[in-house]
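Below are the chains, spelled out letter by letter.
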Amino acid sequence: MNRNIEGPSPTAVVPHVPRPEPTPADVDWDTTNFFLNGPFAPWHEETEAFDLPVTGKLPDDLAGALFRITNNPRFKPLDVDRYHWWEGDGGVAATYIRDGKASFRMRWVMTDTMKVEVEAGEAVYSGFVNGSDNPKPLPEGAPPAKNVANTNVGVFADHLLVYYEGGLTHSMNTETLETYGACDFDGGIDILCSAHYKIDPVSGDMLFFAAVGSNMTWYQADAVTGKVVDTFTFDMGCPALVHDYIVSELYAIFLISPSQFRLDRIREGRPGVLWDESAVPGGSRFAVMDRKTHEVTWYDTGLMLAPTHFFNAYETPAGIVVDLHVISRLGNPSDRPDDALESHIWFPPAMAWRFELDSKTKTCTQQMVSGVAGEFPKINDAWLGKQNRYGYFVTTRGLSPLTMSDGIARHDYLTGQTIVLEGPDGLTSPSEPVFVQRRGATDENDGYLLSIWWNPATALSEVLVHETSEWAREPLARIKLPVRVPYAFHGSWAQAEQLDAAIEAQDK
């Protein structure tokens, strides 16, 4: 359903309140820290804008909202030189598109721990990746650990949910981005849940997990009520850092690696992500859980590697094919546990690999499928769990001291070809892309790819819309944003109908 909105353009999803023109909100924190400069540099105000400038033409059938997480520290970190990208305060950048026009809003997620820092007027929590040389005692009554709410965002069961795997999700208003508060799926989860969820293409249910210590807990939440309808816990054998996972039609698939998430060290103000190969002495292992029976089967890779993010998985007569990006290490080496390491040492380039799990022999074979370094893989989500031909990702070829990513790639699993697009006019550091299937389309690759790029000339961001079937460097449209969206992790697209249903439900 559509709503008749008063405002400066059809894309204004709330009544327009005039505000002063935003200014580049740069603050010099006097640091060369990679994660506080360039595309990562914070933007120190909440912003909204309407009828944004568009170069090219937005497709007539593209209507909805692109929701993107921002990693945007609100206050100067306690130790700017040890600050890590994973620790930035979470916010949501929303680009609303309708009738060929676009509007924008960006706000922080007002968690209980952010309220503590806002009241104090400064940062009070130490970082959990590199720790801090200058820890502070927490104010009386403050939560013991910070929920930065900075990893993923999407609409589910008429709620805009923001995810962080170190705590509970948070619910926000889909149009104003007002924070409602923590969300526990109507009592279905207790401590935390994963930042990466999957939406079942058939039922619409949310499939997600929580990794706490050595326990992995699986959840399924109903698409209509948002309540948890299935849960199961199994032992991973170690406190592995499990950030992403994948589902096929019948299975949930996790890769348990030497990358360990150590809450005990975080509580001491020390780096909490360790690369400890003694935790999985036989190498990284796939845990494959039957989604109906909950039976867990293990597949050894014999390799010391970590997953970053998954493309897809699907079943074959021989077993399961799993496509993902893998990395040679992730976290502080166990022999240097307290060092603050340079980014590309701590997190070297990832490559796209394919693993084939043989259901009869319970063995695993693997091969690299693309020689182009990259991250943040995405597919057309309608193909989740079934054989797909195409995968998209951002490239990390240059290891630039200034940027994280340097292009967008399309990999063709049929031909084995990877085609990379550079940013037009010097744009760089593209975000994780989001695939939007064209309305009424039935072909896998018939749609649009949306991503946010950084413009070094203006220090601001742009949303680029590429046509996936043509896959040309010049996008169909470039939306000029009035802000720099600090480089961040994940996001999603909500179709106009889904967006309007959520808005109507929130208005009741």
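Shown above is the structure to which this text applies.
Draft legend 1. The arrangement of the state of the cysteines in detail. In total, this model carries zero disulfides according to the counting rule given. In this structure cysteine 193 is not part of a disulfide, and its nearest cysteine sulfur, from cysteine 183, lies 8.1 Å away. Left unpaired, cysteine 364 is separated from the closest cysteine sulfur, that of cysteine 238, by 17 Å.

Draft legend 2. Region of interest: the packing of aromatic side chains. The full count for this structure, using the stated rule, is 25 aromatic pairs. Each ring, one from tyrosine 392 and one from phenylalanine 435, has its centre 6.2 Å from the other, and the planes form 40°; the classification is tilted. A residue pair is termed long-range when its members are at least 10 positions apart, and tyrosine 392 in strand E26 (residues 390-395) and phenylalanine 435 in strand E29 (residues 434-437) qualify at 43 residues. In this pair, the class of tyrosine 392 matches that of phenylalanine 435, namely buried. An aromatic cluster of three or more residues is present, and its members are Phe34, Phe35, Phe40, Trp85, Tyr487 and Phe489.

Draft legend 3. Seen up close, empty space enclosed by the protein. Tallied over the entire structure, the rule returns seven cavities of 30 Å³ or more. Taken as a whole, the largest cavity holds about 610 Å³ of empty space. Every residue lining the largest cavity is counted, 43 residues in all, and those nearest its centre are Trp86, Glu165, Leu241, His243 and Leu330. Every element with two or more residues in the lining of the largest cavity is listed here: strand E11 (206-212), strand E20 (306-315), helix H3 (343-346) and strand E25 (374-378). Sort the elements by how many residues they give to the lining of the largest cavity and E11 lands first, with four residues. For the lining of the largest cavity, the per-class residue count stands at 28 nonpolar, 13 polar and two charged. Computed from the structure, the second largest cavity encloses a volume of approximately 100 Å³. Taken together, 14 residues make up the lining of the second largest cavity; nearest its centre are Ser431, Ile452, Val485, Pro486 and Tyr487. Secondary-structure elements contributing two or more residues to the lining of the second largest cavity are strand E3 (64-71) and strand E30 (447-455). Split by residue class, the lining of the second largest cavity holds nine nonpolar, three polar and two charged.

Draft legend 4. How the structure looks around the sheet that holds E29. A sheet is described by the order of its strands in space; here five strands give the open sequence E2-E32-E31-E30-E29, paired in antiparallel fashion. In this open sheet, the two strands that pair with only one neighbour each are strand E2 (54-56) and E29. This sheet shows a mean twist of 20° between the axes of neighbouring strands, independent of strand direction. Here three bridges tie E2 to strand E32 (residues 477-480), and the two strands are oriented antiparallel to one another. Paired with valine 54 across the two strands is isoleucine 479, which belongs to E32.

Draft legend 5. Focus on the pattern of salt bridges. For the structure on display, the rule yields 25 salt bridges. Between lysine 198 and aspartate 244 there is a salt bridge, with the nearest N and O atoms lying 3.1 Å from each other. Of this pair, lysine 198 sits in strand E10 (residues 198-199) while aspartate 244 sits in the loop between strand E13 (228-235) and strand E14 (246-247), and the two are 46 residues apart along the sequence. An identical accessibility class is assigned to lysine 198 and aspartate 244; each is buried. In this structure, arginine 285 and aspartate 300 form a salt bridge, with 2.7 Å as the shortest nitrogen-oxygen distance. Within this pair, whereas arginine 285 is found in strand E18 (residues 285-290), its partner aspartate 300 is found in strand E19 (residues 296-300), the two being separated by 15 residues in sequence.

Draft legend 6. The arrangement of the sheet that holds strand E12 (residues 215-221) in detail. A sheet is described by the order of its strands in space; here four strands give the open sequence E10-E11-E12-E13, paired in antiparallel fashion. Looking at the sheet topology across the chains shown, the edges are occupied by E10 and E13. Across seven bridges, E12 lies against E13 in antiparallel orientation. Across the sheet, the residue bridging to asparagine 215 is aspartate 235, located in E13.

Draft legend 7. Expanded view of unusual backbone geometry. Despite not being glycine, alanine 459 has its phi angle at roughly 65°, a positive value. As for its placement among the helices and strands, alanine 459 is situated in the loop between E30 and strand E31 (460-467). One non-glycine residue, tryptophan 471, adopts positive backbone phi at about 50°. In this fold, tryptophan 471 is placed in the loop between E31 and E32. Overall, tryptophan 471 belongs to the buried group, its relative accessible area being 6%.

About the criteria used
Residues numbered from 1 in each chain as written. Predicted model: local features only at pLDDT ≥ 70, side-chain atom pairs only at ≥ 80, totals over all residues. Heavy atoms only, no water. Disulfide = S-S within 2.5 Å. Phe/Tyr/Trp six-rings, centres within 6.5 Å; stacked < 30°, edge-to-face > 60°. Helix = DSSP H or I, 4+ residues; strand = E, 2+ residues; numbered from the N terminus. Buried < 20%, exposed > 50% of the residue type's maximum accessible area, 1.4 Å probe, protein only. 1 Å grid on protein atoms, 1.4 Å probe; cavity = no way out; pocket = protein on both sides within 12 Å on 5 of 7 lines; lining within 4 Å. Points joined across faces, edges and corners; volume = space filled by probe spheres on them. Nonpolar A, V, L, I, M, F, W, Y, C, P; charged D, E, K, R; others polar. Pairing = 2+ DSSP bridges. Axes fitted to C-alpha atoms, helices over the stretch in contact; angles between N-to-C directions. Salt bridge = Lys/Arg side-chain N within 4 Å of Asp/Glu carboxyl O.

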